[in-house]
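Chain residues, written in single-letter form:
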Amino acid sequence: MGARKLKEFNLALLGKWCWRLLVDREGFWYRVLVARYGDKAGWLEVGGRSASSWWREIAKIREGVGELDGGWVAERVSKVLGDGTNTYFWLDKWVGDVPLCRRFARLFDLSINKYSTVAEMCQLGWEVGGEAWSWRRRL
Amino acid sequence: MVDECRILLTNVVVQSNVSDRWQWDSNIHDDYTVRGAYQALTYMDAPACDATENLIWHKQVPFKVSIVAWRLLKDRLPTKVNLQNRGVI
């Protein structure tokens, strides 16, 4: 009869918000939310307990906080590399199945270029001995 | 570890004049659709949830035990971390 599982259908509808807030940067709601909560490494900030409950709900779907079915948006999206100026080397998922900050958690921890883009890291040089590999202490 | 990371980067080509873009689910090379997301959610969620629910809410399990188990899975037990998140301590 075309009946749907309401919980999942609701998630799928709300998930579209998460997606649109990533890709539609000119859109009205992105501009409202970025003015209110700010942006960190290309993702809108969650904003703590004083944030609007609507926005906290969306952020929960995006990143998943303590929910079994949360976080599936962050799991599924990835970056397709172009010039690399808009992709975060460590934080975005752009090469492999997980972000490099998770795959190489210890390197990320020691890196001094945590918020560098792929373009910046490439320019610094990621070949052997390249300057992209700068650490807080000797490895 | 750096070598392992560097190997990943060997085939990476940065293309000037092309913008980076977001991609939804690299398996289907598609834009976000509510239909696709709904299908993915119903497909992956069903077994995991049902299995635990049938075990927790079993007739022979005392009610108080069911509730503690349910709170555990939802991470709603008053642990130190949770109490801190809620500003109790």
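No experiment lies behind these values; they were computed from the predicted model shown. (Residues numbered from 1 in each chain as written. Chains lettered and ligands numbered in written order. Predicted model: local features only at pLDDT ≥ 70, side-chain atom pairs only at ≥ 80, totals over all residues.)

### Things to note about the overall build of chain B
Heads up, the condition is: The helix count covers DSSP runs of H or I at least four residues long, the strand count covers runs of E at least two residues long, and both are numbered beginning at the N terminus. Counting other C-beta atoms within 10 Å of its own, a residue is labelled buried from 20 upward, exposed at 12 or fewer, and partly exposed in the gap between, with every C-beta atom placed from the backbone.
A count of helices and strands for chain B gives 4 helices and 1 strand. Per-residue burial for chain B yields a buried fraction of 6% across its 89 residues.

### Quick look at the overall build of chain A
Our working rule: Residues are defined as contacting one another if the C-beta atoms placed from their backbone atoms lie within 7 Å.
The secondary structure content of chain A amounts to 7 helices and 3 strands. The order of α-helices and β-strands along chain A, N terminus first, is α-α-β-β-α-α-β-α-α-α. Split into buried and exposed, the 139 residues of chain A put 29% on the buried side. The long-range fraction of contacts in chain A, counting pairs at least 24 apart against all pairs at least 6 apart in sequence, stands at 38%.

### Looking at the interface of chain A and chain B
How big an interface is tends to be stated in terms of the accessible area lost upon association of its parts. As a reminder of what qualifies: Lys, Arg, Asp and Glu make up the charged group, whereas Ala, Val, Leu, Ile, Met, Phe, Trp, Tyr, Cys and Pro make up the nonpolar group; the residues left over, Gly among them, are polar. Strand pairing is assigned whenever DSSP detects at least two bridges linking the two strands.
Taken residue by residue, the interface counts 37 residues in chain A and 28 residues in chain B. Of all the secondary-structure elements, those providing two or more residues to the side of chain A that touches chain B are helix 1 (6-23), strand 3 (77-80), helix 6 (105-110) and helix 7 (118-124) of chain A. For the side of chain A that touches chain B, the leading source of residues is helix 1 of chain A, giving 10 residues. In the side of chain A that touches chain B, the residues fall into 20 nonpolar, 9 polar and 8 charged. For strand 3 of chain A and strand 1 (residues 21-24) of chain B, the ladder comprises 4 bridges, and the chain directions are antiparallel.

### Some thoughts on the nonpolar core
As a reminder, the rule being used: To count as a nonpolar core, a set of buried Ala, Val, Leu, Ile, Met, Phe, Trp, Tyr and Cys residues must be joined through C-beta atoms within 7 Å.
One finds C18, W19, L21, L22, I58, I61 and V73 of chain A to be the most contacted residues of the largest nonpolar core, which totals 20 residues. Counting residues per element, the ones that place at least two in this core are helix 1, helix 3 (53-63) and helix 4 (72-76) of chain A together with helix 2 (34-56) of chain B. Take this core: its biggest share by element is 7 residues, from helix 1 of chain A. Residues within four places of I58 of chain A in sequence aside, it is in contact with L14, W17 and C18 of chain A. Within the second largest apolar cluster, 11 residues are counted, among which are Y88, L91, V118 and A132 of chain A.

### Description of the confidence of the model for chain B
Residue and element names in this part refer to chain B. Applicable threshold: You can read pLDDT as the predictor saying how much it trusts each residue, on a scale of 0 to 100.
This prediction gives chain B a mean pLDDT of 82; 89% of its residues lie at or above 70. When mean pLDDT is taken per element in chain B, helix 3 (residues 63-73) scores highest with 91 and helix 2 scores lowest with 74. Two numbers describe this predicted complex: its pTM, 0.69, and its ipTM, 0.79.

### Remarks on the packing of helix 1 of chain A against helix 3 of chain A
Residue and element names in this part refer to chain A. To keep things clear, this is the line we draw: Note on geometry: axes are C-alpha line fits, over the in-contact stretch for helices, and angles between N-to-C directions span 0 to 180 degrees. For classification purposes, angles smaller than 35 degrees are called roughly parallel, those larger than 145 roughly antiparallel, those between 65 and 115 roughly perpendicular, and all remaining angles oblique.
The contact between helix 1 and helix 3 brings their axes to 9 Å, and the two run at 90°. On the basis of the axis angle, helix 1 is roughly perpendicular to helix 3. Residues L11, L14, G15, W17 and C18 of helix 1 form the contact with helix 3, whose own contacting residues are I58, I61 and R62. Each residue belonging to the contact of helix 1 with helix 3 can be placed in one class, and the counts come to 6 nonpolar, 1 polar and 1 charged.

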